[in-house]
Amino acid sequence: MAGHGFESNDDYEYRVRCLLNYATQGLRCLSVEGESKRRKTAFANALGQALDWPHVLYYDFTQSDDLPGRVTVPDIEHEEGSSPVQLSAFDRIVSEACAFSEAEQTILIVDQLQAADFREHIRLYQFVSTCEWAYPLATLRANARNFLLMLISEEPLYHSLQKESFRIWTDSDRLRLDYHPGEFGYEADFAPVMESLEAVFRHIGKAPTRSEYARLLHDIVNHARTEHHLRHSIFGWTEGLDYGALEDESVKRLLEDTVKALTEYLGYDEIQIESTDPAAED
């Protein structure tokens, strides 16, 4: 998933396996949860790409154009002179997903569900339960073997819909801080710097992902020379970190310890300033 835009210190393999392999009479439905808003969206899209299913469709209730469009419903005979059935943008994309699922694996991501009319929550529950998507004059059916529905909401899902969904939490609290200098191309003498840095993260209860940590180490070795520098580098590379947490007095002391360890690792550069004033030589 990291290759598709979502990186985490956590391993989601077991949870995804549970999602895809549980027996259900209806559709498989995933409720993507977490505190960070668009991190949930990144997770859903990365999972869709990582599964490598032929079709990944996305709908956002806060951004999509929901103006009615003219769509002719299949297998429905219209009276002479009548107009095709008009569907909302949401109906159109669900209908498209149902059609794709007839022959190929299809994922439908429904984002910002809290912005939808509550009737859409009920319709989604009925869809998950029966595999049927109903709208005026027609009902389409999704192939449960090929269909995966992902739901993202900033508020709790409708109770019945939640009961039919498997939940995954995307904000891991697990601190991955068991790195070794060799993993990042440093020798063993760099360990005190990493240990001091890890003490900072343990204190604030937040840890960077591996790629963030690699960027941070490059930053502090090549650029950071003060506690002020170090604070900005940590904030700059660690997603979801509150800057205020780095301004606490106890954290400041830990940052100063890290700078000290870094200075000892780099060594002191002795700088000799020579005067260019001839009078000073007399």
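Residues numbered from 1 in each chain as written. Predicted model: local features only at pLDDT ≥ 70, side-chain atom pairs only at ≥ 80, totals over all residues. Heavy atoms only, no water.

Participant: What is the right way to look at the side chain of Asn143 in this model?
Facilitator: Along the chain, Asn143 turns up in the loop between β7 (138-141) and β8 (147-152). Polar contacts involving the side chain of Asn143 include one to the main-chain amide nitrogen of Arg145, which spans 3.0 Å. Those residues in contact with Asn143, other than ones at most four positions away along the chain, are Ser101 and Glu102. (Helix = DSSP H or I, 4+ residues; strand = E, 2+ residues; numbered from the N terminus. Polar contact = N/O pair within 3.5 Å; in protein donor to acceptor, adjacent residues only side chain to side chain. Contact = heavy atoms within 4.5 Å.)

Participant: What should I look at first to understand the pairing of strand β1 (residues 28-33) in this one?
Facilitator: The two faces of the sheet receive side chains in turn, since in a regular strand these alternate between them. Among the 6 residues in β1, 6 count as buried, and that is most of the element. Across 5 bridges, β1 lies against β8 in parallel orientation. Following the sheet pairing, Val32 is matched in β8 by Ile152. Taken together, the 4 bridges between β1 and strand β9 (residues 166-169) define a ladder with parallel strand orientation. By the bridge assignment, Glu33 is partnered in β9 with Trp169. (Buried < 20%, exposed > 50% of the residue type's maximum accessible area, 1.4 Å probe, protein only. Pairing = 2+ DSSP bridges.)

Participant: Before we go on, may I ask you to explain the environment of Asn45 in this structure?
Facilitator: Among the structural elements, Asn45 can be located in helix α2 (residues 37-51). Residues contacting Asn45, with those up to four places away along its chain left out, are Tyr58 and Ile109.

Participant: How do you make sense of helix α3 (residues 89-101) when you look at a structure like this?
Facilitator: Because each turn of an α-helix spans 3.6 residues, side chains separated by three or four positions in sequence point in the same direction. Compared with an ideal rise of 1.5 Å per residue, which puts 13 residues at 18 Å, α3 spans 18 Å between its outermost C-alpha atoms and is within 8% of the ideal. Along α3, the residues classified as buried are Ala89, Phe90, Asp91, Ile93, Val94, Ser95, Ala97, Cys98 and Ser101. (Expected span 1.5 Å × (residues − 1).)

Participant: Would you mind going over the packing of aromatic side chains with me for this structure?
Facilitator: Aromatic ring pairs are reported here in terms of the distance separating the ring centres and the angle at which the planes meet. For the structure shown, the criterion picks out 17 aromatic pairs. The interplanar angle of 85° and the centroid separation of 5.5 Å between the aromatic rings of Phe90 and Trp133 together place this pair among those described as edge-to-face. Placement of Phe90 in helix α3 and of Trp133 in strand β6 (residues 132-135) is noted, with a sequence separation of 43 residues between them. For the pair Phe90 and Trp133, a shared accessibility class is recorded, and that class is buried. Residues Phe127 and Phe147 carry aromatic rings whose centres are separated by 5.5 Å and whose planes lie at 90° to one another, so their mutual orientation is edge-to-face. In this pair, Phe127 sits in helix α4 (residues 118-130) while Phe147 sits in strand β8, placing the two residues 20 residues apart along the sequence. For the pair Phe127 and Phe147, one class covers both residues: buried. Aromatic rings pair up to connect Tyr59, Phe61, Phe90, Phe127, Trp133 and Phe147 into one cluster. Above the ring of Tyr22, the side-chain terminus of Arg28 is found at 5.9 Å from the ring centroid. Across the ring face of Phe184, the terminal group of Arg210 is positioned such that the distance to the ring centre comes to 4.7 Å. (Phe/Tyr/Trp six-rings, centres within 6.5 Å; stacked < 30°, edge-to-face > 60°. Lys NZ or Arg CZ within 6 Å of the ring centre and 35° of its normal.)

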